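Each chain, letter by letter, is given below.
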Amino acid sequence: LVPAENEAFYQMLAAVGRARPGELLRLAERQPSYSVVPLFNAPWTQRARLIALEGIARRAVKALIDDPDIVARIGLDHYYEIGLFTADSQDNPLIICTPTLAPGMPEGEDFRYTEQVRVAGFFYKVWTYRSAREEKGQRLFQMAPLVMAQTPVWLPSPAPPPGLARRGHSAYLLLAGIAVAAWLVWRFNRVRRSPAGGL
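These figures come from a predicted structure and were not determined experimentally. (Residues numbered from 1 in each chain as written. Predicted model: local features only at pLDDT ≥ 70, side-chain atom pairs only at ≥ 80, totals over all residues. Heavy atoms only, no water.)

## As for the environment of tyrosine 129
To be explicit about the condition: Numbering goes from the N terminus for both helices and strands, where a helix is a DSSP run of H or I of at least four residues and a strand is a run of E of at least two. Throughout, a residue-residue contact means that at least one pair of heavy atoms, one from each residue, lies within 4.5 Å.
Here tyrosine 129 lies in strand E4 (residues 115-135). Between the alpha carbons of tyrosine 129 and glutamine 142 there is a distance of 5.5 Å; along the sequence they are 13 residues apart. Setting aside anything within four residues of it in sequence, one finds tyrosine 129 in contact with Pro93, Leu140, Phe141, Gln142 and Ala144.

And the structure:
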């Protein structure tokens, strides 16, 4: 993103935030199922297209807006960036910018952060950024489609049944008991085979 794009970026972000809850998702889901491939291979044909996406968010972080003019005029002082991986993105992220996260949705950006989300928004542009991957000591640039989206629908994993944790502990104890018994049998047989009867 360059400074000349600030106005369009923040105006679009504010516009998706003003849509009625779930409105963009309802409109986007009326269309045939959408593949993200054109966003990577032919992005110039997709600009401003309304799309619905579902996948795993491996990153959801707050970005503060430090431009007092934007804050005063548009009424936003932050937004969220989500790194979204869909079934057909081939382990390449899409960057989702949204004014808000779903209530209760956690923030995070390490490899353990994996939240299932569904989101609808407008393709804005291809965003180039430095990735974590390196080559010859230099961090490589990566390109990702940037989507301006309404608040995502968070699909939290269901909690395990109440007795599942206890059953899991019992299984570990059983396996540990079997391992100890096998070790004792092995030691006993080894002592019996030893000519001196020692270890």
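Next comes the rest of the account.
## Overview of the side chain of glutamine 150
The cut-off we apply is this: Between N or O atoms, a polar contact is any pair within 3.5 Å; within protein, one atom must be a potential hydrogen donor and the other a potential acceptor, and residues adjacent in sequence are included only when both atoms are from side chains.
Within the secondary structure, glutamine 150 sits in the loop between strand E5 (138-149) and strand E6 (153-154). Among the polar contacts made by the side chain of glutamine 150, one reaches the main-chain carbonyl oxygen of alanine 19 at a distance of 3.2 Å. For glutamine 150, the residues in contact, after removing those within four places along its chain, are Val16, Ala19, Arg20, Pro21, Gly22, Glu23, Leu24, Leu25, Thr98, Val119 and Ala120.

## Overview of the nonpolar core
Condition: Residues belong to a common nonpolar core when they are buried Ala, Val, Leu, Ile, Met, Phe, Trp, Tyr or Cys residues joined through side-chain atoms within 4.5 Å. Only protein chains enter the area calculation, which uses a 1.4 Å probe; residues under 20% of their type maximum are buried, those over 50% are exposed, and those in between are partly exposed.
Grouped together as the largest cluster of nonpolar side chains are 21 residues, with contacts concentrated most on Leu39, Leu53, Ile82, Ile96 and Met105. For this core, the leading source of residues is strand E1 (residues 50-64), giving four residues. For methionine 105, the residues in contact, after removing those within four places along its chain, are Ala60, Ile82, Tyr113, Val117, Pro152 and Trp154. Core analysis: the second largest hydrophobic core is formed by 19 residues, Tyr10, Leu13, Ala63 and Ile95 among them.

## Thoughts on the environment of leucine 94
Note that leucine 94 resides in strand E3 (residues 94-98). Note: C-alpha distance between leucine 94 and valine 126 (32 residues apart in sequence) is 9.3 Å. For leucine 94, the residues in contact, after removing those within four places along its chain, are Val36, Leu39, Phe40, Leu53, Ile82, Gly83, Leu84, Thr86, Ser89 and Pro145.

## Some points on helix H1 (residues 6-18)
Rules: Multiplying one less than the number of residues by 1.5 Å gives the expected span of a helix.
Taking 1.5 Å per residue as the helical rise, H1 with its 13 residues ought to reach 18 Å, and the 18 Å between its terminal C-alpha atoms agrees with that figure. Those residues of H1 not exposed but buried are Phe9, Tyr10, Met12, Leu13, Ala14 and Val16. Here the buried face of H1 lies against helix H2 (23-28), helix H4 (68-74), strand E2 (78-86), E3, E4 and E5.

## Brief notes about a nonpolar patch on the surface
Here is the rule we go by: Patch rule: a residue counts if its relative accessible area is over 30% and it has no salt bridge; like charges are joined within 9 Å, and nonpolar side chains (Val, Leu, Ile, Met, Phe, Trp, Tyr) within 5 Å. Note on areas: Shrake-Rupley, 1.4 Å probe, and residue coverage restricted to the protein chains presented here. Salt bridges, as used here, are contacts in which a Lys or Arg side-chain nitrogen is within 4 Å of a carboxyl oxygen on Asp or Glu.
Together, Leu174, Leu175 and Ile178 make up a nonpolar patch on the protein surface, roughly 320 Å² of accessible area in all. Considering the arrangement of structural elements, one finds isoleucine 178 in helix H5 (residues 164-193).

## Quick notes on the layout of surface pockets
Definition in use: Only protein atoms enter the 1 Å grid used here. Points where a 1.4 Å probe fits but cannot escape make up a cavity, open sets with protein on both sides within 12 Å along at least five of seven lines make up a pocket, and a residue lines them when an atom lies within 4 Å of a point. Grid points are joined across faces, edges and corners, and a volume is the space filled by probe spheres set on the points.
Of the voids in this model, the largest pocket is the one considered here, and its volume is about 510 Å³. Along the walls of the largest pocket sit 19 residues, with Phe85, Pro93, Tyr129, Ser131 and Ala132 positioned nearest its centre. Contributing elements (two or more residues each) for the lining of the largest pocket: E1, E2, E4 and E5. If you tally residues by element for the lining of the largest pocket, the top one is E4, at six residues.

Geometric values such as these leave the question of function open.
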